[in-house]
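So you can see what is in the structure, the chains are spelled out below.
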Amino acid sequence: MVDVAVRIIIYGKVHGVSFRVSAQTKALELCLTGWVRNLPSGTVEVHAEGSRDSLDKLFKWCQKGPPSAGVSRCDLDWVTPQRMDKFRIL
């Protein structure tokens, strides 16, 4: 059963650096469900669902991202779970 869900917006150099693929890999490693997508504003948006501990770990990872990223800021909001079955790249 899903405990909680988050929406994370990641700012900085996050397009063209494999951020979405790396975020999906990390989310799957943490047994999370949800999705990740690039936004036209140049940011990346993540919706993730799972345990509070795993979501905290994903948020910490997002603050750095993959090695080629240059994250300047992450915003986190706790949101209502959508009961997703896997983690996708949109």
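Criteria and thresholds
The residue numbers shown here count from 1 along each chain, following its written sequence. The predicted nature of this model means local features are confined to residues of pLDDT at least 70 and side-chain atom pairs, given and counted, to a pLDDT of 80 or more, with totals for whole chains, interfaces and linings taken over all residues. To obtain the side-chain values, all non-hydrogen atoms of the structure were used and water was disregarded. Under the DSSP-based scheme used, a helix requires at least four consecutive residues in state H or I and a strand at least two consecutive residues in state E, with every element numbered from the N terminus. The reference for a compact globule is 2.2 Å times residues^0.38; the radius of gyration itself is calculated from the C-alpha atoms. Residue burial is assigned from relative accessible area. The probe radius is 1.4 Å, only protein chains are included, and a residue is buried under 20% of its type maximum, exposed over 50%, and partly exposed in between. We call two residues in contact when some of their heavy atoms are within 4.5 Å. Each accessible area is a Shrake-Rupley estimate made with a 1.4 Å probe; only the visible protein chains count as cover when residues are assessed. This count recognises Lys and Arg as positive and Asp and Glu as negative, with His and chain-terminal groups excluded. Here the site of a charge means NZ on Lys, CZ on Arg, CG on Asp, or CD on Glu. Each Phe, Tyr or Trp ring, with Trp reduced to its six-membered ring, pairs with another whose centre is within 6.5 Å; inter-plane angles below 30 degrees give stacked pairs, above 60 give edge-to-face pairs, and intermediate values give tilted ones. The rule for a charge over a ring is simple: NZ of Lys or CZ of Arg within 6 Å of the ring centre, and within 35 degrees of the ring normal. Polar contacts here mean pairs of N or O atoms no more than 3.5 Å apart (in protein, one a potential hydrogen donor and the other a potential acceptor; neighbouring residues in sequence count only if both atoms are side-chain atoms).

A. Just the overall build of the protein chain, in detail. Helix and strand counts for the protein chain stand at 2 helices and 5 strands. Along the protein chain, helices (α) and strands (β) appear in the sequence β-α-β-β-α-β-β when read from the amino end. A compact globule built from 90 residues would reach a C-alpha radius of gyration of about 12 Å, and the protein chain, at 12 Å, matches this within 12%. The buried share among the 90 residues of the protein chain stands at 42%. Pairs at least 24 apart in sequence give 77% of the contacts found in the protein chain among residues at least 6 apart. As presented, the protein chain carries roughly 5000 Å² of accessible surface, and 50% of it is formed by carbon and sulfur atoms. In the protein chain, 13 positive and 9 negative side-chain charges are present, and the distance between their average locations comes to 6 Å.

B. Region of the structure containing the packing of aromatic side chains. Counted according to the given criterion, the structure contains 1 aromatic pair. Positioned over the ring face of Tyr11 is Arg73, at 3.9 Å from the centre of the ring.

C. Structural detail: the side chain of Thr33. For Thr33, the position within the fold is in strand S2 (residues 33-38). A distance of 3.5 Å separates a polar atom in the side chain of Thr33 from the backbone oxygen of Met84. Setting aside its immediate chain neighbours within four residues, Thr33 contacts His47, Ala48, Glu49, Met84, Asp85, Lys86 and Phe87.

In short, shape yes, function no, at least from these values alone.
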